[in-house]
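Below are the chains, spelled out letter by letter.
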Amino acid sequence: MRCCVVRHGETPWNAERRLQGHQDIPLNALGMSQAAAAAAYLQRRHAETPFAAVISSDLLRARQTGDAIGQALGLPVQDASSLRERHYGDFEGKTPAEARQFDDVAYDVLVARADLKAAPGSAEPLDGMVTRIETCLQALAVQYANDAVILVTHGGVLDVLYRRAMGRALTGPRDAPIPNAGLNWLDLGLADGALHWTMVAWGETSHLNDASLDEIL
């Protein structure tokens, strides 16, 4: 399965550097423009090599991005709650500075990513997030084994996908950009019931006219 994984366009909270998590924040004007630019580019790709499906996180910022793409390609958008961002618990809605002021010890644990089972500030444990993502992708890899699909999701999900594709540990800080409305290309397959990952391209933003913000964490 060839995957084009798209991070949602910019939101007001992205611009303010606030952790969004499961908060349902809409795109801002720039984010809508970014979604339209991604849709126009993918429409051209679709004309050459068709995509079989557009599958999106059900959070509004992803769904608005996915709707722009689906409309451009003439494909319905399928909701996938398993592709939601990590739930950041008590830190949702806070900037990094506000999060440290609220609970610097727990926020340090969140940033460090040293323990996959930790739930700092009642955040979703990383191992739970990874399980829901990979369960979703395993089902899609069966359904669309010989197809190309577009997945619209979030920075935290993309971080997991990058680490898996590159054979990196799930713990520790990330080392790859995750820009708003960036395009990321992966090949996914199943071998003995496990996902097999191949990196094709990462963080493409040449389709965008304006600068794109990186993820916070």
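Structural notes, computed from the coordinates. (Residues numbered from 1 in each chain as written. Predicted model: local features only at pLDDT ≥ 70, side-chain atom pairs only at ≥ 80, totals over all residues. Heavy atoms only, no water.)

## Structural notes on the nonpolar core
Point 1. If you look at the biggest cluster of nonpolar residues, it comprises 32 residues, and the most contacted ones within it are M1, I55, L137, L140, V149, L151 and L161.
Point 2. If you list the elements that add at least two residues to this core, you get β1 (2–7), β2 (53–56), α5 (126–143), β4 (148–153), α6 (155–166), β5 (183–191) and β6 (194–204).
Point 3. At eight residues, α5 tops the list of elements feeding residues into this core.
Point 4. Once residues within four sequence positions are removed from consideration, L137 is found in contact with M1, L151, L161, L188, L195 and W197.
Point 5. Core analysis: the next-biggest nonpolar cluster, separate from the first, contains 19 residues, V6, A39, L42 and V152 among them. (Core = buried A, V, L, I, M, F, W, Y, C linked by side-chain atoms within 4.5 Å. Buried < 20%, exposed > 50% of the residue type's maximum accessible area, 1.4 Å probe, protein only. Helix = DSSP H or I, 4+ residues; strand = E, 2+ residues; numbered from the N terminus. Contact = heavy atoms within 4.5 Å.)

## Describing the packing of helix α2 (residues 29–48) against helix α3 (residues 60–73)
Point 1. α3 packs onto α2 with a crossing angle of 35 degrees between their chain directions and a minimal axis gap of 8 Å. The hand of the α2/α3 crossing is right-handed. Residue-level inspection shows M32, A35, A39, L42, Q43 and H46 of α2 in contact with α3, the latter providing Q64, T65, A68, I69, A72 and L73.
Point 2. Across the contact of α2 with α3, the residue classes break down as eight nonpolar, four polar and no charged. (Axes fitted to C-alpha atoms, helices over the stretch in contact; angles between N-to-C directions. Left-handed = near helix turned anticlockwise from the far one by under 90°. Nonpolar A, V, L, I, M, F, W, Y, C, P; charged D, E, K, R; others polar.)

## With respect to the packing of aromatic side chains
Point 1. Using the criterion set out here, one finds four aromatic pairs in the structure.
Point 2. Where Y162 meets W202, the ring centres are 5.0 Å apart and the plane angle is 55 degrees; that geometry is what we call tilted. Taken as a pair, Y162 in helix α6 and W202 in strand β6 lie far apart in primary sequence, 40 residues in all. Both residues of the pair, Y162 and W202, belong to the buried class.
Point 3. Taken together, the ring pairs connect F91, F102 and Y107 into an aromatic cluster.
Point 4. Sitting above the plane of the W185 ring, R45 keeps its charged end 4.4 Å from the centroid.
Point 5. Taking NZ or CZ as reference, K94 lies 4.5 Å from the ring centre of F102, over its face. (Phe/Tyr/Trp six-rings, centres within 6.5 Å; stacked < 30°, edge-to-face > 60°. Lys NZ or Arg CZ within 6 Å of the ring centre and 35° of its normal.)

## As for unusual backbone geometry
Point 1. The residue R113 is not glycine, and still its phi comes out positive at about 55 degrees.
Point 2. Relative to the elements of secondary structure, R113 occurs in the loop between α4 (96–112) and α5.
Point 3. Here the phi dihedral of S122 falls at roughly 65 degrees; this positive angle occurs in a residue that is not glycine.
Point 4. Relative to the helices and strands, S122 is located in the loop between α4 and α5.

## A closer look at the side chain of R132
Point 1. With respect to the helices and strands, the residue R132 is situated in helix α5.
Point 2. With relative accessibility at 17%, the residue R132 sits in the buried group.
Point 3. Polar side-chain contacts of R132 include one of 2.8 Å to the backbone oxygen of S82.
Point 4. Not counting residues within four places of it along the chain, the set of residues in contact with R132 comprises H22, S81, S82, L83, R84, E85, R86 and E124. (Polar contact = N/O pair within 3.5 Å; in protein donor to acceptor, adjacent residues only side chain to side chain.)

## Some thoughts on the sheet that holds β4
Point 1. Pairing is mixed across the open sheet formed by six strands, whose spatial order is β3-β2-β4-β1-β5-β6. The outermost strands of the open sheet, each flanked by one partner alone, are β3 (77–79) and β6. This sheet shows a mean twist of 25 degrees between the axes of neighbouring strands, independent of strand direction.
Point 2. Across five bridges, β1 lies against β5 in antiparallel orientation. Paired with C4 across the bridge in β5 is W185.
Point 3. On the sheet, α3 packs against β1, β2, β3 and β4 and is oriented at approximately 150 degrees with respect to β4.
Point 4. The strands touched by α6 are β1, β4, β5 and β6; relative to β6, the strand with the most contacts, the crossing angle is about 115 degrees. (Pairing = 2+ DSSP bridges.)

## Examining the pattern of salt bridges
It is possible for side chains bearing opposite charge to pair when their charged atoms get close.
Point 1. What the rule picks out here adds up to 13 salt bridges.
Point 2. Where D108 meets R100, a salt bridge forms, and the shortest distance between an N and an O atom there is 2.3 Å.
Point 3. On the basis of relative accessibility, which here comes to 38%, the residue D108 falls in the partly exposed class.
Point 4. According to the relative accessible area criterion, R100 is partly exposed, its value standing at 37%. (Salt bridge = Lys/Arg side-chain N within 4 Å of Asp/Glu carboxyl O.)

By themselves these figures say nothing about function.
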